[in-house]
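Residues per chain, in single letters:
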Amino acid sequence: MLRFFLHYGIHFLVPILIGTLLIKENKIKATLILLGAILIDIDHLIANPIFDSFRCSINYHPLHSYWAIGFYALLLFNKKTQIFGIGLLIHIIADLTDCCLIGINSN
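Below, the structure is looked at part by part. Residue positions are given per chain, counted from 1 along the sequence in the order it is written. Restriction of local features to residues with pLDDT of at least 70 applies here, the model being predicted, together with a cutoff of 80 or more for giving and counting side-chain atom pairs; totals for whole chains, interfaces and linings are based on all residues. By convention in this description, side-chain values take in all heavy atoms of the structure and omit both hydrogens and water.

Note on soluble globular proteins: their nonpolar side chains tend to be buried together. The biggest cluster of nonpolar side chains holds twelve residues, and these are Ala37, Ile40, Cys56, Ile58, Ala68, Ile69, Tyr72, Leu75, Leu88, Leu89, Ile92 and Cys99. Going along the chain from the N terminus, every DSSP run of H or I of four or more residues is numbered as a helix, and every run of E of two or more is numbered as a strand. Put simply, the parts of the chain that give this core at least two residues each are helix H3 (66-74) and helix H4 (82-102). Looking at which element gives the most residues to this core, the answer is H4, with four residues. Counting eight residues, the second-largest nonpolar core is a separate cluster that includes Ile10, Ala30, Ile33 and Ile83. We define a nonpolar core as any set of buried Ala, Val, Leu, Ile, Met, Phe, Trp, Tyr and Cys residues linked to one another through side-chain atoms lying within 4.5 Å. Relative accessibility thresholds used throughout: buried, under 20% of the residue-type maximum; exposed, over 50%; partly exposed, between the two (1.4 Å probe, protein chains only).

This part covers the packing of H3 against H4. Structural elements are reduced to axes, namely lines fitted to C-alpha atoms, with helices fitted over the stretch in contact, and the angle between N-to-C directions of any two is expressed from 0 to 180 degrees. The interhelical angle for the contact between H3 and H4, taken along N-to-C directions, is 140°, at an axis separation of 8 Å. On the basis of the axis angle, H3 is oblique to H4. For the element pair H3 and H4, the recorded crossing hand is left-handed. Residues Ile69, Tyr72 and Ala73 of H3 touch H4, and the partners they reach there are Gly85, Leu88, Leu89 and Ile92. Should an angle lie under 35 degrees it is considered roughly parallel, over 145 roughly antiparallel, and from 65 to 115 roughly perpendicular; all remaining angles are considered oblique. Crossing handedness: left-handed means the near helix sits turned counterclockwise from the far one by under a right angle, and right-handed means the same turn made clockwise. Throughout, a contact is declared for two residues whenever any of their heavy atoms are within 4.5 Å.

On to the environment of Lys80. Note that Lys80 resides in the loop between H3 and H4. Judged by its relative accessible area of 74%, Lys80 falls in the exposed class. For the pair formed by Lys80 and Tyr8, sequence separation is 72 residues and the distance between their alpha carbons is 27 Å.

Here the focus is the pattern of salt bridges. Whenever a carboxyl oxygen of Asp or Glu lies within 4 Å of a side-chain nitrogen of Lys or Arg, that contact is scored as a salt bridge. On inspection of all chains with the given rule, the structure shows one salt bridge. Arg3 is the salt-bridge partner of Asp98, the closest N and O atoms lying 2.6 Å from each other. With Asp98 in helix H4 and Arg3 in helix H1 (residues 2-22), this residue pair connects regions lying 95 residues apart in the sequence. You can call Arg3 partly exposed: its relative accessible area is 23%.

Helix span, expected: 1.5 Å multiplied by one less than the number of residues in the helix. In this model H4 runs 30 Å from its N-terminal to its C-terminal C-alpha over 21 residues, within 8% of the 30 Å that 1.5 Å per residue would give. At the exit of H4 stands Gly103, carrying a positive phi of roughly 80°.

A separate point is the packing of H1 against helix H2 (residues 27-36). H2 packs onto H1 with a crossing angle of 155° between their chain directions and a minimal axis gap of 8 Å. It follows from the interaxial angle that H1 and H2 lie roughly antiparallel. Between H1 and H2 lies a crossing whose hand is right-handed. Taking contact as the criterion, the partners of His11, Phe12, Pro15, Ile16, Ile18, Gly19, Thr20 and Leu21 in H1 are, on H2, Lys27, Thr31, Leu34 and Leu35. Residue polarity is assigned by list, with Asp, Glu, Lys and Arg as charged and Ala, Val, Leu, Ile, Met, Phe, Trp, Tyr, Cys and Pro as nonpolar; anything else, Gly included, falls into the polar class. When the residues that make up the contact of H1 with H2 are grouped by side-chain class, the tally is seven nonpolar, four polar and one charged.

Here the term cavity refers to a set of points on a 1 Å grid, laid over the protein atoms alone, in which a 1.4 Å probe fits but cannot get out; the term pocket refers to an open set having protein on both sides within 12 Å along at least five of seven lines, with lining residues being those that place an atom within 4 Å of a point. Grid points are joined across faces, edges and corners, and a volume is the space filled by probe spheres set on the points. Taken as a whole and assessed by the stated rule, the structure comprises one cavity of 30 Å³ or more. Taken as a whole, the largest cavity holds about 40 Å³ of empty space. Residue lining of the largest cavity: His11, Pro15, Leu34, Leu35, Ala37, Ile38, Gly87, Ile90 and His91, and that is the complete set. Broken down by secondary-structure element, the contributors of at least two residues to the lining of the largest cavity are H1, H2 and H4. In terms of residue count, H4 provides more of the lining of the largest cavity than any other element does, three residues in total. A breakdown of the residues in the lining of the largest cavity according to their chemical character gives six nonpolar, three polar and no charged.

This is the structure:
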């Protein structure tokens, strides 16, 4: 149960809190962008099986690969892409937390 609340809390509550409490301009737009980072889970559709509760997403799915994570980090350095990078990295932190809780080291 802890795993469920931490994983989905980071996916949904953290972006809402950051968007509403820390972003000064366009709070609703920023919050929606932060929440929209969940869309990178579309890469789960090419996995077999699509959902495995004991699979670590980090470096397993293409949009969760180390290369992709590096790209997300680079987004932080441009003012126009910064909010996207924050959202994507929050998503990765949620998935990394899940990996740690199931006891699987990312590859």
